[in-house]
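Residue strings, one per chain:
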Number of protein chains: 2
Amino acid sequence: MASLTRLIEQHIQELLKTTTEESVFLSRKDLSEHFGCVPSQINYVIRSRFTPERGYIVESQRGGHGYIRVIRLCLDMPEDRANHIDELIGDTVNEQETRRILANLQHRQLITTRERLLIEVATRFQEEIGSSLLDLSPYKRDSLHAGLLKRLLRSLVLG
Amino acid sequence: MASLTRLIEQHIQELLKTTTEESVFLSRKDLSEHFGCVPSQINYVIRSRFTPERGYIVESQRGGHGYIRVIRLCLDMPEDRANHIDELIGDTVNEQETRRILANLQHRQLITTRERLLIEVATRFQEEIGSSLLDLSPYKRDSLHAGLLKRLLRSLVLG
DNA sequence: ACATCATTGACGAATATTGACCATAACCCT
DNA sequence: AGGGTTATGGTCAATATTCGTCAATGATGT
């Protein structure tokens, strides 16, 4: 039951919890030796577990003194808030509903003005491409819209 | 964890911070002696760390009384920042370039970690839709990618 | 059985460090 | 002024050290 991937994932999360910094620097080589696996296993763990969608940002550098840096956004992830977001958005949303939702989140100080701006620009861009360049149906567009919005908000508000 | 290149980089950045001028004059010879390395190591640090992309311009002169001058780009005007962004991105970008650009902008405190996360999630979503659902060519995807990234960053930087 | 997730290893790409050799500017001496 | 000397900085290629990608294979769950 204790898969290697899960062990390594937990190890990294433990490191994130115990540090006061917002990130940890890992050595792929050392980690792989510590867990007795091939180095590319570490890449697999990072790619599958520490994604932006889950609230992590990863930087790395090759060569001498290379590293893999994992940055965490949130420590806690309240489950009810995820459901709340899903309920709020549903399967489809239009631009008007989006603006209402964002205004509400901003009013409750869950997102900043700049973050709200980013989300509006991103959804509008997708809307624009979807309608003019790709000629998608209105339903399809609102569905994509909902998908993007959910993913953006989940990545931020949750971990 | 102690990389010579990073030490030298930090030293120069410290000098830039503590001066009231917009630039510092360095002596390649003195610097290399101070850090106990070959002189060409300094060139490597300059070439890899103090690039226009990172907001620096470098002048130098050989011969007696030679020097290396590092100038910090001034991006006080929103218009200048927007142009800088456009130059960074160009007409097409892939995911790797995007990550570099975002890491750089965050390091220069032009965006926050949360904003960076939002941008990564948005571009990844578009990438996912563009490749799997819509089967766009790689060039087309990179071009759309650049379009979205420019718009997101410009919206932030013009504020 | 099929689909998804996990593991492995061969090969490739990026970064750091060093040193030999090249180029240029100031200074000094006729 | 001219030309040699000295003092700088620049370039490039070789080498070492990391990390990334991709495709094949194995394991696990439905």
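Just above, that's the structure.
Residues numbered from 1 in each chain as written. Chains lettered and ligands numbered in written order. Predicted model: local features only at pLDDT ≥ 70, side-chain atom pairs only at ≥ 80, totals over all residues. Heavy atoms only, no water.

S.K.: Describe the protein's contact with DNA strand D, naming the residues involved and giving the relevant values.
M.R.: Taken together, the neighbourhood of DNA strand D is formed by 27 residues, with Arg 28, Asn 43 and Gly 63 of chain A together with Lys 29 and Asn 43 of chain B sitting nearest. Put simply, 63% of the atoms of DNA strand D that lie within 4 Å of the protein are in sugar or phosphate. The contact in question runs from a base oxygen of DNA strand D to an N or O atom on the backbone of Gly 64 of chain A, over 3.3 Å. Those elements that provide at least two residues to the surface near DNA strand D are helix H2 (28–35), helix H3 (39–49), strand E2 (56–61) and strand E3 (67–72) of chain A together with helix H2 (28–35), helix H3 (39–49), strand E2 (56–61) and strand E3 (67–72) of chain B. Of the residues that constitute the surface near DNA strand D, the class distribution is 4 nonpolar, 17 polar and 6 charged. (Near = heavy atom within 4 Å. Polar contact = N/O pair within 3.5 Å; in protein donor to acceptor, adjacent residues only side chain to side chain. Helix = DSSP H or I, 4+ residues; strand = E, 2+ residues; numbered from the N terminus. Nonpolar A, V, L, I, M, F, W, Y, C, P; charged D, E, K, R; others polar.)

S.K.: Any details on the packing of helix H5 (residues 95–107) of chain A against helix H6 (residues 113–133) of chain A? Residues and values, ideally.
M.R.: In a packed pair of helices, the relevant descriptors are the angle between the two axes and the axis-to-axis distance. Residue and element names in this part refer to chain A. Contact pair H5 / H6: the axes reach a minimum separation of 10 Å and the direction vectors enclose 165°. For the element pair H5 / H6, the angle class is roughly antiparallel. The chirality of how H5 crosses H6 is right-handed. Residue-level inspection shows Glu 95, Thr 98, Arg 99, Leu 102, Ala 103 and Gln 106 of H5 in contact with H6, the latter providing Thr 113, Arg 116, Ile 119, Glu 120, Thr 123, Arg 124 and Glu 127. Split by residue class, the contact of H5 with H6 holds 3 nonpolar, 4 polar and 6 charged. (Axes fitted to C-alpha atoms, helices over the stretch in contact; angles between N-to-C directions. Parallel < 35°, antiparallel > 145°, perpendicular 65-115°, else oblique. Left-handed = near helix turned anticlockwise from the far one by under 90°. Contact = heavy atoms within 4.5 Å.)

S.K.: Lay out the sheet that holds E3 of chain A with the relevant residues and their values.
M.R.: Read from one edge to the other, the open sheet built from 3 strands follows the order E1-E3-E2 (chain A), with strand pairing classed as antiparallel. The two strands at the open ends of the sheet, each matched to only one other strand, are strand E1 (23–26) and E2 of chain A. On average, adjacent strands in this sheet sit at an angle of 15° to one another, irrespective of strand direction. Across the sheet, helix H6 (residues 113–133) of chain B touches E2 and E3 of chain A, and the angle it forms with E2 of chain A is around 90°. (Pairing = 2+ DSSP bridges.)

S.K.: Tell me about the sheet that holds E2 of chain B, and please be specific about residues and values.
M.R.: All names here are of chain B. The sheet built from 3 strands is open, its strands ordered E1-E3-E2 with antiparallel pairing. Two strands bound the open sheet, and with one partner strand each, they are strand E1 (23–26) and E2. In this sheet, neighbouring strand axes are inclined to one another by 15° on average, regardless of whether the strands run parallel or antiparallel. As paired strands, E1 and E3 are joined by 4 bridges and run antiparallel to one another. Looking at E3, one finds that Ser 23 is bridged to Ile 71.

S.K.: Summarise the protein's contact with DNA strand C; cite the residues concerned and give the values.
M.R.: Surrounding DNA strand C, one finds 26 residues, the nearest of these being Thr 5, Gln 41 and Tyr 44 of chain A together with Thr 5 and Tyr 44 of chain B. If you look at DNA strand C and keep only atoms within 4 Å of the protein, 67% of those are sugar or phosphate atoms. Take Thr 5 of chain A: an N or O atom from its side chain is 2.4 Å from a phosphate oxygen of DNA strand C. Of all the elements in the fold, those that place two or more residues in the surface near DNA strand C are helix H1 (4–18) and H3 of chain A together with helix H1 (4–18) and H3 of chain B. Its residues assigned to classes, the surface near DNA strand C comprises 7 nonpolar, 14 polar and 5 charged.

S.K.: Account for helix H4 (residues 78–89) of chain B, naming residues and giving values.
M.R.: Residues and elements named next belong to chain B. An ideal rise of 1.5 Å per residue puts 16 Å on 12 residues; H4 measures up with 17 Å between its terminal C-alpha atoms. Looking only at H4, the buried set comprises Arg 81, Ala 82, His 84, Ile 85, Leu 88 and Ile 89. End-on view of H4: buried residues confined to an arc of 160°, all on one side of the axis. When the buried face of H4 is taken as reference, the exposed residues oriented beyond 90 degrees from it are Glu 79 and Glu 87. Tucked inside the fold, the buried residues of H4 contact helix H5 (95–107) and helix H7 (138–157). Just beyond H4, the residue with positive phi is Gly 90, at close to 70°. (Expected span 1.5 Å × (residues − 1). Buried < 20%, exposed > 50% of the residue type's maximum accessible area, 1.4 Å probe, protein only. Arc of directions from axis to C-beta.)

Any functional reading would require information that these geometric values do not contain.
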